[in-house]
Amino acid sequence: MEATIVTSEPRRIPAAQIILVVFMGTVTMLFAGFTAAYMIRRAGSDWTHIPLPGVVWINTAILIVSSVTIEFAWRRRSQRWTALSLILGAVFLLGQIMAWRQLTSAGLGLGANAHGSFFYMLSAVHGLHLVGGVCAMIYALRKGSASRLIATYWHFMGGVWLYVLLLLAV
Amino acid sequence: MAIEEHHGPQSFISKYVFSFDHKVIGLQYLITAMFMGLFGGGLAVLMRIQLASSPDDPLVAPETYISLVTMHGTIMVFFVVSLALVSGFGNILIPLMLGARDMAYPFLNMLSYWTIVPACFLVLGSFLVEGGAAAAGWTAYPPLSALPEAVPGSGLGQTLWLAAMTLFIASFTMGGLNYIATILNCRAKGMRLMDMPLTVWTYFLSAILGTLSFPALTAAAIMLMLDRHGGTSFFLPAGLVFGNEELPHEGGTPLLFQHLFWFLGHPEVYVLVLPAIGMAFDIIATFARRPPFGYRMSVYSLLSVGVLSMVVWGHHMFITGMNPYVGEYFSIATVIITAPFAVLGLNMIASIWRGRIRFRVPMLFALGIIMVIGAGGFGGIYLATSVSDIYFHDSYFVVGHFHLMIGVVTLMGTFGGIYYWFPKLFGRMMNETLGKVHFWLTFPAIYTIFILMHFQGLSGLLRRYADHSIYGFAEVGKTLAPTITYLTFVVAGTQFIFLFNFFVSIWRGKVAGDNPWEATTLEWAGPSPAPHGNYGPTLPEAKRGPYEYDPAQEAGNDFAPQAS
Amino acid sequence: MASGKSRGFGLFFAIVTVAIGVAVAWGFSRGWLPEVASEHGKGVDGVIHYLMWSTGVLFLVGHLALGYFIFKYSKDQAQANAAVSHRTEAKAAIAPVLAMMAVSEIGVLVVGLPVFDEIYGEAPADAITIEVVGKQFEWLVRYAGPDGVFGKVDPKLVHDSRNPLGLDKKDPAAKDDIVKRGVVTIPVDKTCVVNLRSHDVIHSFTVPFFRTKQDTLPGFTARTKFVPTKEGQFELACAELCGLGHYRMQGKVVVMNNEDYEKWLSEQESWL
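As the structure is a computational prediction, the values presented were derived from the model and not from experiment.

A. Representation of the overall build of chain C within the structure. When its secondary structure is counted, chain C shows 4 helices and 10 strands. Mapped in sequence order, the helices and strands of chain C form the string α-α-α-β-β-β-β-β-β-β-β-β-β-α. Relative to a compact globule of 272 residues, whose C-alpha radius of gyration would be 19 Å, chain C shows 27 Å and is clearly more extended. Judged by the C-alpha coordinates and their principal axes, chain C covers about 90 × 40 × 35 Å. Taken across its 272 residues, chain C has 54% of its residues classed as buried. Considering only contacts in chain C between residues 6 or more positions apart, those separated by 24 or more positions represent 73%. Roughly 11,700 Å² of accessible area belongs to chain C as shown, and the carbon and sulfur atoms make up 60% of that amount.

B. Spotlight on the interface of chain B and chain A. With 45 residues of chain B at the interface, the matching set in chain A holds 31 residues. Summed over both partners, the interface of chain B with chain A comes to about 3,000 Å²; 71% of that surface belongs to carbon and sulfur atoms. When the buried area of chain B at its contact with chain A is split by residue, Leu-177, Asn-185 and Phe-234 of chain B rank highest and sum to 17% of it. Counting across the interface, chain B meets chain A through 0 salt bridges. At the boundary of chain B with chain A, the tally comes to 4 residue pairs in polar contact (both at pLDDT 80 or more). Counting residues per element, the ones that place at least two in the side of chain B that touches chain A are α5 (156-185), α6 (198-229) and α7 (254-288) of chain B. A total of 8 residues in the side of chain B that touches chain A trace back to one element, the largest contributor, which is α6 of chain B. Each residue belonging to the side of chain B that touches chain A can be placed in one class, and the counts come to 21 nonpolar, 15 polar and 9 charged.

C. Seen up close, the domain arrangement of chain C. All names here are of chain C. Per the domain assignment, the segments of chain C are domain 1 (2-120) and domain 2 (128-267). Averaged C-alpha coordinates put domain 1 and domain 2 at centres separated by 42 Å. If you look at the interface, domain 1 gives 16 residues, while domain 2 gives 14 residues. For the pair domain 1 and domain 2, the summed buried surface comes to about 1,200 Å²; carbon and sulfur atoms form 48% of the total. Interface area lost by domain 1 to domain 2 is led by Glu-35, Ala-37 and His-40, which between them contribute 40%. Taken together, the connections running from domain 1 to domain 2 amount to 2 salt bridges. The salt bridge involving Arg-211 is made with Asp-45; its shortest N-O contact spans 2.7 Å. Across the contact surface, domain 1 and domain 2 share 13 residue pairs in polar contact (both at pLDDT 80 or more).

D. Examining the interface of chain B and chain C more closely. Tallying the contact residues gives 101 residues for chain B and 100 residues for chain C. Between chain B and chain C, a total of about 8,800 Å² is buried, with carbon and sulfur atoms accounting for 73% of that surface. The partner of Asp-76 of chain C in a salt bridge is Arg-356 of chain B, and the shortest N-O contact between them spans 3.0 Å. Counting across the chain B and chain C interface gives 27 residue pairs in polar contact (both at pLDDT 80 or more).

E. Representation of the environment of Val-343 of chain B within the structure. With respect to the element layout, Val-343 of chain B can be found in helix α10 (residues 338-350). Sequence separation between Val-343 of chain B and Ser-67 of chain B is 276 residues, and the spatial gap between their C-alpha atoms is 39 Å. The contacts of Val-343 of chain B, once residues within four sequence positions are left out, are Met-297 and Ser-301 of chain B together with Ala-93, Pro-96 and Val-97 of chain C.

F. Inspection of a negative patch on the surface at higher detail. Residue and element names in this part refer to chain C. Residues Asp-189, Glu-231, Glu-259 and Asp-260 make up a contiguous surface patch of negative charge. Mapped onto the secondary structure, Glu-259 falls in helix α4 (residues 258-267). Judged by relative accessible area, Glu-259 falls into the exposed class, the value being 67%.

G. Spatial organisation of helix α8 (residues 295-309) of chain B. The terminal C-alpha atoms of α8 of chain B, which comprises 15 residues, lie 21 Å apart, in line with the 21 Å expected from a rise of 1.5 Å per residue. The inward-facing, buried residues of α8 of chain B abut α6, α7, α9 (324-336) and α10 of chain B together with α3 (86-120) of chain C.

H. Layout of the pattern of salt bridges. Evaluated as defined, the whole model comprises 25 salt bridges over all chains. In this structure, Glu-71 of chain A engages Arg-75 of chain A in a salt bridge whose closest nitrogen and oxygen atoms are separated by 2.9 Å. Of this pair, Glu-71 of chain A and Arg-75 of chain A are both found in helix α2 (residues 55-75), 4 residues apart, which corresponds to roughly one turn of the helix. Judged by relative accessible area, Arg-75 of chain A falls into the exposed class, the value being 57%. Among the ionic pairs, Asp-195 of chain B bridges to Arg-192 of chain B, the shortest N-O distance being 2.8 Å.

I. Seen up close, the nonpolar core. Of all hydrophobic cores here, the largest spans 334 residues; its most connected members are Phe-79, Phe-168, Ile-352, Tyr-447 and Leu-458 of chain B. Contacts of Leu-458 of chain B, omitting those with residues within four sequence positions, involve Tyr-391, Phe-392 and Phe-397 of chain B together with Phe-28, Trp-32, Leu-33, Pro-34, Ile-48 and Met-52 of chain C. Counting residues in hydrophobic clusters, the runner-up holds 6 residues, among them Leu-140, Leu-165, Leu-167 and Val-179 of chain C.

J. Quick peek at the sheet that holds strand β4 (residues 183-187) of chain C. All names here are of chain C. The strand order across the open sheet built from 5 strands is β4-β10-β9-β6-β7, with neighbouring strands paired in mixed fashion. Either end of the sheet is taken by a strand with one partner, and the two such strands are β4 and β7 (212-216). Between one strand and the next, the sheet's axes are offset by a mean angle of 20°, whatever the strand orientation. Bridge count for strand β9 (residues 232-238) against strand β10 (residues 251-256) is 5 bridges, and the pairing is antiparallel. Paired with Leu-236 across the strands is Gly-251, a residue of β10.

K. Spotlight on the packing of aromatic side chains. Within this structure, the stated rule accounts for 83 aromatic pairs over all chains. Taking the centre distance of 5.0 Å and the plane angle of 55° together, the rings of Tyr-329 of chain B and Phe-330 of chain B count as tilted. You can call Tyr-329 of chain B partly exposed: its relative accessible area is 39%. Given the relative accessible area of 4%, Phe-330 of chain B is considered buried. Taking the ring centre of Phe-71 of chain C as reference, the NZ or CZ of Arg-7 of chain C above it sits at 4.3 Å. One cation-aromatic arrangement involves Arg-211 of chain C over Tyr-391 of chain B; the distance from NZ or CZ to the ring centre is 4.9 Å.

Cut-off values and rules
Residues numbered from 1 in each chain as written. Chains lettered and ligands numbered in written order. Predicted model: local features only at pLDDT ≥ 70, side-chain atom pairs only at ≥ 80, totals over all residues. Heavy atoms only, no water. Helix = DSSP H or I, 4+ residues; strand = E, 2+ residues; numbered from the N terminus. Rg over C-alpha atoms; globule rule 2.2 N^0.38 Å. Buried < 20%, exposed > 50% of the residue type's maximum accessible area, 1.4 Å probe, protein only. Contact = heavy atoms within 4.5 Å. Areas by Shrake-Rupley, 256 points an atom, 1.4 Å probe, with all protein chains shown as cover. Buried area = accessible area lost by both parts, 1.4 Å probe. Salt bridge = Lys/Arg side-chain N within 4 Å of Asp/Glu carboxyl O. Polar contact = N/O pair within 3.5 Å; in protein donor to acceptor, adjacent residues only side chain to side chain. Nonpolar A, V, L, I, M, F, W, Y, C, P; charged D, E, K, R; others polar. Domains from an automatic or database assignment. Patch = residues over 30% accessible without salt bridge, like charges linked within 9 Å, V, L, I, M, F, W, Y side chains within 5 Å. Lys, Arg positive; Asp, Glu negative; His and termini not counted. Charge placed at Lys NZ, Arg CZ, Asp CG, Glu CD. Expected span 1.5 Å × (residues − 1). Core = buried A, V, L, I, M, F, W, Y, C linked by side-chain atoms within 4.5 Å. Pairing = 2+ DSSP bridges. Axes fitted to C-alpha atoms, helices over the stretch in contact; angles between N-to-C directions. Phe/Tyr/Trp six-rings, centres within 6.5 Å; stacked < 30°, edge-to-face > 60°. Lys NZ or Arg CZ within 6 Å of the ring centre and 35° of its normal.

See the structure below:
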């Protein structure tokens, strides 16, 4: 039997990148599921839109800035810019908790209103995934600075937040 | 960083407990699955005893019976079949068949196993809490699953169920990511995707399907948890009355949960069945001494099945009250899947054509798989056709169908795989005679059980009933129940022969050579048992296709290994 | 492996394979279906019988082929030309694809669609409409009464023994509503439209002899219809897991001739 001779080597994408891309696919599908739930619920006759707590817009601005800083961090291989991004991320998360408190003290707890329920839930799930990004940054800081992959993930989660905000605000 | 060549672990803990070696992790999964299978199978035996008991003297209370039903399904689907076939064998086989030393991320791999262990504790522990284990079916539809008032199991039991499922999904996702990265990145030099064994293809597709569809269940589980504990109303409408009081929920839709659940639920069954199909092809190739018929068409069929599986979930929901025209779409789409499945089935049959069959134990199981795919596949058409499904929905016809596909096909695949790859893991053979006894007692019995359930379904017998005695409409089907129960005892008892054979052979089995089956694929290119690192100092290269068998030659000379 | 042993075993396994094919096909052909007592039910059985024949034939053929190959190729002798070209393998896929698509889509679109229409299409003008509410663990049946209008119900007014449906007595239309526990009474040969609701969890209204099944979802009113073709009593059961009493959520459908039905209806008292 003759050997089938293979002449070319396929170009390999780094494994870490594959994992990130697939994981971003997973997260996308998660928020797609939530979107379906939101759309269906929104179409109900008893839907009442609530005003989003003001601090949410500040948090969003902070998150956008942190995407800028993390770009500097990986391109310049800078520990400082990484630390700054990490701090901004933490501030965003604390800000989100503040937003929840603002809502609750206005009488809109978790179960009080459907729109509100989605706000709590979507911001919480997003926040949990962001915590993962923060942990990745902490880990990266031990040996150096944020990698391009961490920055990609961070931008992705920033994008998810903008999407969630759009969904909730419109 | 794809793979590190690390020198072997030294301590007992690093070698056998928190191991990074894919073979050890795979075995951990496999043995955990066997352990959970004792529980899952035990629950089945209890259910069958209940169904055979007199209604005046039932084995268990009705609320307990439906916990048995629920946990049997949950444990078997996720903690036995998925654990054994997808996580267990996937881990063992993928690096070996690709000619790699390990998975792309051994640490992530270890983490994925140890995430499952607490999940198992949660699942088993849920039987001991107040209210008992979850009792809303493995499908966990709200409002039944959302309200402790509705059934005792929807108290703490259902919460533990949701926690366990969250851990399971996290574990599966970690594993799925690892499989995809490894298959894309760690193939031996010269191995293009179309040079991979079909088993690896099926794992590739299962991993992609799973990672993309589990999030829907995650979303549903989060919302269900919030409805249960956070006062939200994602799935709970207004007008729910318990104890003459209306509950304070409003605005939610129970149907939404079903859409999200089945968006996962349908691809999930293909995640389970595909590896068994891949393994059947590989085992048949080795024991018919010829390449699988239609490798390429089989790959395309597997891809089609994968894609189609994501757009047909509504066939579980024909009579839920969703728009019946949407239902018709799902019906038309679902039956399209019969086409690639028919190609796969016929390719399996044709993979014997012009072969030279060796009737070793793995081959017996593989031949059994072909037959069960036929029965399960054809039976599925009755359910996929929306009009006939009206009659069969929630009947024993459904129970018979899905057990054949995700219970029997997968079990035959797991057994066949264990007998086949045992020498690769342990350097010894399992006892052939005991293996044949295992097959001839298990296969006819388990096949008959679920075919008889189809007949019960035809007679109208409904599922998840603790006792059928007050109804007369399925009288004919009820007469089959005692036979099914006796056969269940046969199947359950026989598995102890298998477990005995498995564990004793690890230490006392006949010593095997490196390639006792004279197989071609790369896992047989290294020593048996496979050492840490799989291949010794030099990794194999894929110099040929994966199945260069030639039945025109005599034994010993009729194959060219992929590495040579 | 001695060729003699393999051959014998090959024959044995081939016989087993064919026997399984024949036994299963024969088993399916036995009359398991209970009698049919509705119009569309005959159509449902028609789809089932169509599938039994078409899939049965394919199933048998598959087992015969498998059995034949197992026997023929259990002979330990050299086989030439086992591997064929990609083109041949692709061409071999055409037949199963076409066969399965034909069989299954004919089932859905040709045999099934007319029946689908009977179940989900418009009801005729002289249809009787009733309402059935599923609750743990019984069926509540409501008739609109002489005014032909179903009165308002309010979940806050629900009381298991006094007012199981929560009829609002402030609504004049509710005053003449008739409520029955567990028994549906309808005339033969007339379309019966059933509006289905639930008070607590998902149930499913199924009458096996009518080949009728429809889930009752809380927060939603589902609808099904059927035309009973035989007089008599037919069992009503629940077909969606609803708690510990799921297995005993029994009701019955009583089908009378038109005269008896009108008489029965006129004798019923309203609930309120």
